[in-house]
Amino acid sequence: MLDTSSTPAVRSSTPEKGVDRRAASDATPTGTIVTVGGTPMTGAVRTAGASGATVHPGDSISTPRRIVYIILLGALTALGPFTIDLYLPAFPVLEADFQTSATAIQLTLTGTMLGFALGQLIVGPLSDKVGRRIPLLAVTALHVIASVAAALAPTLLLLGGARVLMGMGAAAGGVVAMAIVRDLFGGRRLVVMLSRLALVSGVAPVAAPLVGSALLLVMSWRGIFVVLAIYGLVMLVCALFLVPETLPRSRRQDRETTTVLQRYKSVLSDRVFIGVLVIGGMTFSGLFSYLSSSSFLFQVTYAFSAQEYGLLFAVNSLGVVAGVQFASRLAARFGPQWVMAFSTGVLVVASIAIIVLDQAGAGLWGIMVPLFLFMTACGFTFPCVQVLALDRHGSAAGTAASLIGAVNFGVAGLISPVVGWVAHDAGITATTMASVMAGCAVIGLLSLWLLVRPRTVGQLAP
């Protein structure tokens, strides 16, 4: 277990003229930022090595231990997306079993995502105040109990209530995982570590329906929630015995003099953070607009079986994987803000292309090709959002991470049913689905250039 309680902070040179002093103070525990060769760098600095190079607590972790952290934190991060998406292939079955409408079934997904968002808003600031482990253990236990309740739910209303609690219970994994990574790492190594988590959080939403469709071959939809209960229980045991406390008491004491609202205010007063928050929320909303409607689009309109529908997600997941991996390398070299300048543009072009090709009667391939490009652009965007948001707010990593997750899933939960509303009685089509995706992409693009303003963002620390 890594002990960071005795690691001193180092005061570096003062910011150059033109550097955002407020953002600088948020970036380091000492209220200053590091300059290397006269270039302002963001990121929390913990110690200085003999050569004067910046050193973070995680730099002393061995490679095998770092791999264990990646696997475990990745699995915790994936609990949320799997909780949300594993039952997507069962939507038509749920509609028949409960004798209700597709819109009503979609509302159970909305409830899960809103619960997930609310849970993150609670867990993030709490983890900044009391440490990472206690909120993680308590909320993951709630997930296990709620999953069992969902498996036994006799009515759609009770299922919806259980899904809200499941969302709240799954919230801790992603927030605490990102906060732990930010506690341990900074600068370009932070890019690499967060890219691994972004890979999981990006792939899990598109891989979960593939797993769900396979489970439906051997069990009913209720069995899916039993599987989620077992998953949550395994994560609870792993967190209990393998996850260290990375926020020492010496760093928690600073938070005792501030309220939750003050911590939120300090993060939300950062223009760049607000900008990437909007980009992340809109990218996730575009993704989940597709996820919430795709089971009806491909299984009803194009007559896909549950297994063919799952295979479709497997193919799209390759695009997300490729996007995340390329993004981590490009962000470390050119800066995450410039990677997002590319990816947000692709999101707009790809979503509009789906509409144009669908109206032109291009058929299934006219949808699949630009859809793959859209998913790949999502993969490029996710890690860049996390890096820009967390690298600037190492002293409030839990609060910052909670806002990222809450906005991503909360806004997406509100927007995803819009596809069904736009479709009205005509049924869900590629055009109605892509219309919402395009609207989200345009908002994200505007946020990048009007709020983030890439040229004003400093370089990452080494």
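Residues numbered from 1 in each chain as written. Predicted model: local features only at pLDDT ≥ 70, side-chain atom pairs only at ≥ 80, totals over all residues. Heavy atoms only, no water.

Concerning the overall build of the protein chain
The condition is simple: Segments assigned H or I by DSSP are reported as helices when at least four residues long, segments assigned E as strands when at least two residues long, and all are numbered from the N terminus. For each residue, the accessible area found with a 1.4 Å probe, counting protein chains only, is set against the maximum for its type, and the residue is called buried under 20%, exposed over 50%, and partly exposed in between. Note on contacts: a residue pair is in contact if any heavy atoms of the two residues lie within 4.5 Å. Under the convention used here, a 1.4 Å probe and the Shrake-Rupley method define accessible areas, while residue burial counts only the protein chains that appear.
Of the regular secondary structure elements, the protein chain holds 17 helices and five strands. Per-residue burial over the protein chain gives 58% buried out of 462 residues. Look at the contacts in the protein chain between residues 6 or more apart in sequence, and 81% of them connect residues 24 or more apart. Working note: accessible area of the protein chain is about 17300 Å², and carbon and sulfur atoms make up 70% of it.

Side note on the side chain of Ser343
Keep this limit in mind: Definition of a polar contact: a pair of N or O atoms within 3.5 Å, with one able to donate and the other able to accept a hydrogen when the atoms are protein atoms, and with sequence-neighbouring residues admitted only if both atoms are side-chain atoms.
On the secondary structure map, Ser343 appears in helix H13 (residues 336-359). In this structure the side chain of Ser343 is engaged in a polar contact, spanning 2.8 Å, whose partner is the side chain of Thr381. Setting aside chain neighbours within four positions, we find Ser343 in contact with Ala377, Phe380 and Thr381.

Focus on the side chain of Arg163
Inclusion rule: Residues counted as positive are Lys and Arg, residues counted as negative are Asp and Glu, and His and the chain ends are not counted. Definition used for salt bridges: Asp or Glu carboxyl oxygen within 4 Å of a side-chain nitrogen of Lys or Arg.
With respect to the secondary-structure elements, Arg163 resides in helix H6 (residues 156-184). For the buried Arg163, which has no salt bridge, the nearest side chain bearing the opposite charge is Asp85, at an N-O separation of 6.9 Å. Apart from residues no more than four positions distant in its own chain, Arg163 is found in contact with Thr83, Ile84, Tyr87, Thr108, Thr112, Phe225 and Leu228.

Overview of the nonpolar core
The condition that has to hold: Definition used in this section: a nonpolar core is a set of buried Ala, Val, Leu, Ile, Met, Phe, Trp, Tyr and Cys residues joined via side-chain atoms within 4.5 Å.
In this structure, Phe91, Leu94, Leu159, Phe225, Phe288, Tyr290 and Phe298 are the most contacted members of the largest nonpolar core, which totals 74 residues. Sorting elements by how many residues they give to this core places helix H11 (residues 271-301) first, with nine residues. Setting aside residues no more than four positions away along its own chain, Phe298 makes contact with Tyr290, Ala303, Phe304, Tyr309, Leu312, Leu364, Met368 and Leu371. Val123, Met193, Tyr264 and Leu403 belong to the second largest nonpolar core, which has 52 residues in total.

Points about unusual backbone geometry
Phi angles above zero are rare outside glycine, and Gln99 is one such case at about 50°. Even without being glycine, Arg453 reaches a positive phi, approximately 55°. Relative to the elements of secondary structure, Arg453 occurs in the loop between helix H17 (430-452) and strand E5 (459-460).

Some remarks on the pattern of salt bridges
Summed over all chains, the structure comprises two salt bridges. The shortest N-O distance in the salt bridge between Asp128 and Arg132 comes to 3.0 Å. Accessibility classification places Asp128 together with Arg132 in one group, the buried group. Given the relative accessible area of 1%, Arg132 is considered buried.

Details of the packing of H11 against helix H14 (residues 363-391)
We count it as follows: In this analysis, axes come from line fits to C-alpha atoms, helices being fitted only over the stretch in contact, and the angle between any two N-to-C directions falls in the range 0 to 180 degrees. Should an angle lie under 35 degrees it is considered roughly parallel, over 145 roughly antiparallel, and from 65 to 115 roughly perpendicular; all remaining angles are considered oblique. Left-handed describes a crossing whose near helix is turned anticlockwise from the far helix by less than a right angle; the clockwise case is right-handed. Each residue gets one of three labels, nonpolar for Ala, Val, Leu, Ile, Met, Phe, Trp, Tyr, Cys and Pro, charged for Asp, Glu, Lys and Arg, and polar for the others, Gly among them.
For the pair H11 and H14, the least separation of the axes is 10 Å and the interaxial angle reads 150°. The angle between H11 and H14 places the two elements in the roughly antiparallel class. Here H11 and H14 pass one another in a crossing that is left-handed. Only Leu364, Met368, Leu371, Phe374, Met375, Cys378, Thr381, Phe382, Val385, Leu388 and Ala389 of H14 make contact with H11, whose side of the interface consists of Phe273, Val276, Ile279, Gly280, Thr283, Phe284, Gly286, Leu287, Tyr290 and Phe298. Taken together, the residues that form the contact of H11 with H14 break down as 17 nonpolar, four polar and no charged.

Brief notes about a nonpolar patch on the surface
What counts is decided by this rule: For patch building, the residue pool is restricted to those with more than 30% relative accessible area and no salt bridge; the joining distance is 9 Å between like charges and 5 Å between nonpolar side chains (Val, Leu, Ile, Met, Phe, Trp, Tyr).
Together, Leu311, Val315, Leu318, Trp365, Val369, Phe372 and Leu373 give the surface a local cluster of nonpolar side chains, amounting to about 720 Å² of exposed area. Within the residue set of the nonpolar patch, elements represented by two or more residues are helix H12 (306-334) and H14. Here the nonpolar patch gets four residues from one element, more than from any other, and that element is H14. Its location among the elements puts Val369 in helix H14.

Description of H14
For clarity, the cut-off: The span expected for a helix works out to 1.5 Å for each residue beyond the first.
The first and last C-alpha atoms of H14 sit 44 Å apart over 29 residues, in line with the 42 Å expected at 1.5 Å per residue. Along H14, 23 of the 29 residues are buried, which leaves the element largely enclosed by surrounding structure.

Thoughts on the packing of aromatic side chains
To keep things clear, this is the line we draw: In this analysis, rings of Phe, Tyr and Trp, with Trp reduced to its six-membered ring, are considered paired at centre separations within 6.5 Å, and the interplanar angle assigns stacked below 30 degrees, edge-to-face beyond 60, and tilted for intermediate values.
By the definition in use, this model includes 11 aromatic pairs. Plain terms: the ring middles of Phe82 and Tyr231 are 6.1 Å apart, the flat faces sit at 75° to each other, and that makes the pair edge-to-face. Of this pair, Phe82 sits in helix H2 (residues 63-85) while Tyr231 sits in helix H8 (residues 221-242); the two residues are 149 residues apart in sequence, bridging distant segments of the chain. Here the aromatic residues Tyr87, Phe91, Phe98, Trp221 and Phe225 are joined through ring pairs into a cluster of three or more.

A closer look at the packing of H11 against H12
For any two helices packed against each other, the geometry is given by the interaxial angle and the distance between the axes. Here H11 crosses H12 at 135°, and the two axes come no closer than 10 Å. Between H11 and H12, the angle is such that the two are oblique. The two elements H11 and H12 cross, and the hand of that crossing is right-handed. Here H11 contributes Tyr290, Leu291, Ser294, Ser295, Phe298 and Gln299 to the contact with H12, which in turn contributes Ala306, Tyr309, Leu312, Phe313 and Asn316. Its residues placed into classes, the contact of H11 with H12 shows seven nonpolar, four polar and no charged.

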